[in-house]
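Secondary and tertiary structure notes
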Amino acid sequence: VREDFEAALRRVFDAEVPHVAALGISVEAFDGRCVVMRLPYGEELVGNPETGVLFGGAVSTLIDTACGMGVIAALETPRIVVTLDLRIDYLRPALSGRDLMVRAECYHVTRHVAFSRALAYHDDRERPVASAQGSFILARDSTRETSGLQPGAVPRDGGGDGR
Amino acid sequence: MSSLADALAHARAQGDLKPLVAAIPYFRFLGLEAELRDGQVLARLPFKDTLIGNPMLPALHGGVTSAFLEAAAVLQVLMSIETVKVPRTINITVDYLRPGRAQTVFAAARILRAGQRVANLSVECWQERDDMPIAAARCNFMIADSAS
């Protein structure tokens, strides 16, 4: 069952999320609560044309995607996860022309919220380019009878998304 | 003089941000647009399918929202602070407030402090109503021109 779940996740993240596909992000490794993903270097993703370094926002997408997938991996039954907040610290400049890896770990799950952290690096995990920490809202478990109550952390302004 | 420096000089002199946005590959990749209103950058991101993060809803990818907020902040720094380089992001914290729907997003940034080396900004983005932001960010940028 676990293998099916992993295969399904790979498929979703490799091809069925348009923006992930547009960036060429792929799943490299998958181990319980840890997910490793790769963002191939692309000239169209450069944020500073004088240095050729990727724009931070592309790194954000890589990290957000990996953290969210790490949360799904840590859950017993798959649920939709929605990013609540994400903080990224840029520790050293990324290098031009090099792929970026991220290793994300979901380190705590509560009923409504999961917590993840991640490091982005080129080759050496001991020399990270960026470090990140985020929280994720878990959508209500559709396999269980649910009340009309929503998690309290999200503004409730009609036409809600079920968070 | 590089095309980036030319575009920056043009934007500051004419208030026209098109060449500046065009000079940054990732902004072109997103399809970002920006204009200047009384010194304030208004960034705009028209919807397109490749920005989708959840095809079921469909909703914008959270990373797109984050990148767009950061881009609006970078443009505001470039238009407000005398620097000739793209500011380097030290950190960014994004709060996701509402789902990003399949429509245009707008963003505006406010400089809370511009020091000798570091600028701190608050950024919000919204879709239909500017009093209902879909996400907000706080970010710090290194703006010193010397290697530091």
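In this report, we go over the structure that sits alongside the text. Just so it is clear, the model here is predicted, and its values are computed rather than measured. (Residues numbered from 1 in each chain as written. Chains lettered and ligands numbered in written order. Predicted model: local features only at pLDDT ≥ 70, side-chain atom pairs only at ≥ 80, totals over all residues. Heavy atoms only, no water.)

Two descriptors summarise a pair of aromatic rings, namely the distance from one centre to the other and the angle between the planes of the rings. As enumerated under the stated definition, the model contains 5 aromatic pairs over all chains in all. Ring plane angle 20° and centroid distance 5.2 Å describe the contact between Phe55 of chain A and Tyr26 of chain B, whose orientation is recorded as stacked. One end of the pair, Phe55 of chain A, is in the loop between strand E4 (53-54) and helix H3 (56-74); the other, Tyr26 of chain B, is in helix H3 (residues 25-30), on a second chain. Classification of Tyr26 of chain B by relative accessible area gives buried; the value is 0%. Members of the aromatic cluster, each reached through a chain of ring pairs, are Phe55 of chain A together with Tyr26, Phe27 and Phe29 of chain B. The positively charged end of Arg117 of chain A is found above the aromatic ring belonging to Tyr107 of chain A, 4.0 Å away from the centroid. (Phe/Tyr/Trp six-rings, centres within 6.5 Å; stacked < 30°, edge-to-face > 60°. Helix = DSSP H or I, 4+ residues; strand = E, 2+ residues; numbered from the N terminus. Buried < 20%, exposed > 50% of the residue type's maximum accessible area, 1.4 Å probe, protein only. Lys NZ or Arg CZ within 6 Å of the ring centre and 35° of its normal.)

Residue and element names in this part refer to chain A. Locating Asn48 in the fold gives a position in strand E3 (residues 46-48). With relative accessibility at 14%, the residue Asn48 sits in the buried group. Among the polar contacts listed, one links the side chain of Asn48 to the backbone nitrogen of Glu50, at a separation of 2.9 Å. (Polar contact = N/O pair within 3.5 Å; in protein donor to acceptor, adjacent residues only side chain to side chain.)

With 39 residues of chain B at the interface, the matching set in chain A holds 36 residues. For the pairing of chain B and chain A, the buried interface totals around 3000 Å² over both sides, and the portion due to carbon and sulfur atoms is 58%. The largest contributions to the chain B side of the interface with chain A come from Tyr26, Phe29 and Tyr96 of chain B, which together make up 20% of the buried area. Seen at the junction of chain B and chain A, the total is 0 salt bridges. On the surface where chain B and chain A come into contact, there are 13 residue pairs in polar contact (both at pLDDT 80 or more). Looking at the side of chain B that touches chain A, the elements with two or more residues in it are H3, strand E3 (52-54), helix H4 (62-80) and strand E5 (88-96) of chain B. Partitioning the side of chain B that touches chain A into residue classes produces 23 nonpolar, 10 polar and 6 charged. As defined by bridge partners, strand E5 (residues 81-90) of chain A adjoins E5 of chain B across 5 bridges and the pair is classed as antiparallel. Residue pairing in the sheet places Leu86 of chain A in a bridge with Val94 of chain B of E5 of chain B. (Contact = heavy atoms within 4.5 Å. Buried area = accessible area lost by both parts, 1.4 Å probe. Salt bridge = Lys/Arg side-chain N within 4 Å of Asp/Glu carboxyl O. Nonpolar A, V, L, I, M, F, W, Y, C, P; charged D, E, K, R; others polar. Pairing = 2+ DSSP bridges.)

Further remarks concern the packing of H3 of chain A against H4 of chain B. Relative to each other, H3 of chain A and H4 of chain B sit at 155°, their axes nearing to 8 Å. With respect to H4 of chain B, the element H3 of chain A is oriented roughly antiparallel. H4 of chain B is crossed by H3 of chain A, and the crossing has right-handed handedness. Taking contact as the criterion, the partners of Gly56, Gly57, Ser60, Thr61 and Asp64 of chain A in H3 of chain A are, on H4 of chain B, Gly62, Gly63, Val64, Ser66, Ala67 and Glu70 of chain B. Looking at the contact of H3 of chain A with H4 of chain B residue by residue, the classes come out as 2 nonpolar, 7 polar and 2 charged. (Axes fitted to C-alpha atoms, helices over the stretch in contact; angles between N-to-C directions. Parallel < 35°, antiparallel > 145°, perpendicular 65-115°, else oblique. Left-handed = near helix turned anticlockwise from the far one by under 90°.)

This brings us to the sheet that holds strand E1 (residues 26-31) of chain A. Ordered in space as E1(A)-E2(A)-E6(A)-E7(A)-E8(A)-E5(A)-E5(B)-E8(B)-E7(B)-E6(B)-E2(B)-E1(B), the 12 strands form an open sheet in which the pairing is antiparallel. Two strands in the sheet have a free side with no partner beyond their single neighbour: E1 of chain A together with strand E1 (33-37) of chain B. For this sheet, the mean angle separating the axes of adjacent strands, direction not counted, is 20°. Relative to strand E8 (residues 133-142) of chain B, strand E7 (residues 118-126) of chain B runs antiparallel, the two being bridged by 9 bridges. When the sheet's bridge partners are listed, Cys125 of chain B is paired in E8 of chain B with Ala135 of chain B.

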